[in-house]
Amino acid sequence: MPVATLLPFTATPNRKSASPTSFRLTEKFILLLVFSAFITLCFGAIFFLPDSSKLLSGVFFHSSAVETNTRTGPDGGDSGSAGNDERVLAKIRKDHEKALLEAKDTLQKRPDEIKQDILNDKEKVAVDSAGQGGKQVNNLPFVEYHRPPGATGHEPLDPETRDRRTKVREMMKHAWDSYRRFAWGSNELRPVSKQGHSSNLFGSIKGATIVDALDTLYIMEMFEEFDVATEWVEKNLDFNVNAEVSVFEVNIRFVGGLLSAYYLSGKEVFRRKAVELGEKLLPAFKTPTGIPWALLNLKSGIGRNWPWASGGSSILAEYGTLHLEFMHLSKLSGNPEFAQKVMNIRKVLNRLDKPQGLYPNYLNPNSGQWGQHHVSVGGLGDSFYEYLLKAWLMSDKTDEEGKKMYYDALQAIETNLMRKSSNGLTYIAEWKGGLLEHKMGHLTCFAGGMIALGADGAPSDKTGHQMEQAAEIARTCHESYARTALKLGPEAFRFDGGVEAIATRQNEKYFILRPEVIETYMYMWRFTHDPKYREWGWEAVQALEQHCKVEGGYSGIRDVYASTPNHDDVQQSFYLAETLKYLYLLFSDDDHLPFDHWVFNTEAHPLPVIRKDKTDRPNEVE
């Protein structure tokens, strides 16, 4: 190796005289000795002086400056190297003294000050990174996590109930394992053809079943499966898509599912994802009235309504089923805009005249006027009423406006829509321009549970009456199941022409694994402990196992009156989110997700009551 390569500090690039190779042998030897002594001295200082690790960092991080100093010294040749060595040693001593002072200063600080310094440094690095074209960081505020009571429950003491609960858990495992095996990452499963299925409701967002099932997995203590689902959400759930989605469906399934998973597990990934998606839904509210569009392109922010919806109207059950999730988004993000958007919807509604005190299903977001006067507590209207009541309950019963709107609406429904059949079955009809259609949808069967949930908050002279109404609706909906060949309820059933609680039209005879009837059983069991509700729920379990279970999961049925099932080959995500969860809770004790701490969104995702605690910190989640 040429000696010149060993002399980086003594070579002087701007020198015009002889090159290093012109040195005599004795000069080379002397220079080599000097350089060796210098290296030995440096390493001795590094390894034997105190706080050598700090010194090491000073040497290595400042080596370029040292190198510059030695290379730009005077043209003195041999005489300059000694001065350079002294400067190097002086700089090493200076860095060492500085490191000792920093260490002393740090040791004098309290632990909380040190922690804050670290956080400040991290924040500064993140900001600097973002300013240099780095990825923008998530600016969510710190939220102290407290898991509400009853996230999981102990085994029921009664052996029969315990066995039935275990059976429901086995059903969940079969549905989940089949999805994971045949359709992992797709929105839903085709259990007969054993492949993935995707609805256009979600655009190109993937994983609806995973997000919808998260809280059910946790509640059933299927923690290995929950961890697998969590990992998928962290790595694969992506909302940066150029696609049009249903604001309503994405909110209740994805936002609701993520929020619930956060409140149950405390995992920050769910809070981040929920807020991220919520922010992408905000452009849907950019209408003259603030009534949101039904459909939204998540990339462009352009919205529109379903073309079939009464002259481009927004739908009551869609714009009215955002309140619970958006209030929690404001809570978890520190952004009041979410809450403001849904409270504005109420302002618009309160300015309008309600025909017979009823809320029509269609509202034009441009004019702020009702569309055609069609009223339903089933499809197109259902969860609007549910969210009025639950907004009041979720606010720790402080949202008096929501409470009044709910009980006024319930009174109008009782007066105008509730009827009894000739054989004494109570049902809720639909209202079209002042005329009743004596049809009740499977979706309407949630109302039994809703009325029972709200009965305690009604005026004292109405509480018992509303519980009776809830029980009668539950009985009617059970009859819609009992009067089919497969003991599973049709999509809609009628009360006319001598027919009661039976579907008379072919396009109303299907069953798509819906939860509403079982939802009402669960609420009625919690409030009455009448054993018939558990028996009715067990009948549904047996029918699901006998007619809907296939090798690749669970499938809906095209005609519940046929002697043998004709499967529709879709395992809906809400089967895991709602139907199986409500069955599991039906066979659980009351302290599992107790109603005084949790409120279920319309996709059965439990959200905690938002408390006003004693220190006046608003909206503290317990």
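The rules we used
Residues numbered from 1 in each chain as written. Predicted model: local features only at pLDDT ≥ 70, side-chain atom pairs only at ≥ 80, totals over all residues. Heavy atoms only, no water. UniProt positions renumbered as here; feature names shortened; annotations may be inferred. 1 Å grid on protein atoms, 1.4 Å probe; cavity = no way out; pocket = protein on both sides within 12 Å on 5 of 7 lines; lining within 4 Å. Points joined across faces, edges and corners; volume = space filled by probe spheres on them. Helix = DSSP H or I, 4+ residues; strand = E, 2+ residues; numbered from the N terminus. Pairing = 2+ DSSP bridges. Contact = heavy atoms within 4.5 Å. Axes fitted to C-alpha atoms, helices over the stretch in contact; angles between N-to-C directions. Buried < 20%, exposed > 50% of the residue type's maximum accessible area, 1.4 Å probe, protein only. Lys, Arg positive; Asp, Glu negative; His and termini not counted. Salt bridge = Lys/Arg side-chain N within 4 Å of Asp/Glu carboxyl O. Polar contact = N/O pair within 3.5 Å; in protein donor to acceptor, adjacent residues only side chain to side chain. Core = buried A, V, L, I, M, F, W, Y, C linked by side-chain atoms within 4.5 Å.

In the nomenclature of an unreviewed UniProt entry, the chain is known as alpha-1,2-Mannosidase of Echeneis naucrates. Reading the Sequence similarities (unreviewed entry) entry of the UniProt record for the chain gives the comment "Belongs to the glycosyl hydrolase 47 family." UniProt, in the comment section headed Function (unreviewed entry), describes the chain in these words: "Involved in the maturation of Asn-linked oligosaccharides. Progressively trim alpha-1,2-linked mannose residues from Man(9)GlcNAc(2) to produce Man(5)GlcNAc(2)."

Caption draft 1: Molecular detail of empty space enclosed by the protein. A complete count under the given rule lists four cavities of 30 Å³ or more for this structure. As a volume, the largest cavity reaches approximately 120 Å³. Every residue along the wall of the largest cavity is listed here: Tyr319, Gly320, His323, Val342, Ile345, Arg346, Leu349, Phe384, Tyr387, Leu388, Ala391 and Met405. Mapped onto the lining of the largest cavity, the elements with two or more residues apiece are α13 (337-351) and α14 (382-394).

Caption draft 2: Spatial organisation of the sheet that holds strand β3 (residues 244-246). Reading across from one edge, β3-β4-β5 is the order of the three strands in this open sheet, with antiparallel pairing throughout. Sheet topology places β3 and β5 (303-304) at the edges, where each strand pairs with a single neighbour. Of the strand pairs in this sheet, β3 and strand β4 (residues 295-297) are connected by three bridges, and their pairing is antiparallel. The residue of β4 that forms the bridge with Val245 is Leu296. Sheet contacts for helix α9 (residues 247-265): β3 and β4; angle to β3, the most-contacted strand, approximately 65 degrees.

Caption draft 3: Structural context of the UniProt feature "active site" (unreviewed entry) in the chain. The residues that UniProt annotates with the feature "active site" (unreviewed entry) are Glu249, Asp382, Glu491 and Glu516. Among the residues just listed, Glu249, Asp382, Glu491 and Glu516 line the largest pocket. If sequence neighbours within four positions are ignored, Glu249 has contacts with Leu201, Phe202 and Phe254. Note that Glu516 resides in helix α18 (residues 516-528). For Glu516, a relative accessible area of 8% corresponds to the buried category.

Caption draft 4: Main features of the side chain of Asp212. Relative to the helices and strands, Asp212 is located in helix α7 (residues 208-219). Buried and unpaired, Asp212 has Arg253 as its nearest opposite-charge partner, separated by 4.4 Å. Here the side chain of Asp212 touches Ser573 through a polar contact of 2.6 Å, side chain to side chain. With residues up to four places along the chain from it excluded, the contact list for Asp212 reads Arg253, Ser573, Phe574, Ala577, Glu603 and His605.

Caption draft 5: Seen up close, the nonpolar core. Within the largest apolar cluster, 154 residues are counted, with the highest numbers of intra-cluster contacts made by Val233 and Phe254. Sorting elements by how many residues they give to this core places α9 first, with twelve residues. Dropping the residues within four chain positions of it, Phe254 is found in contact with Asn187, Phe202, Ile205, Lys206, Gly207, Ala208, Val211, Leu237, Phe239, Glu249 and Leu277.

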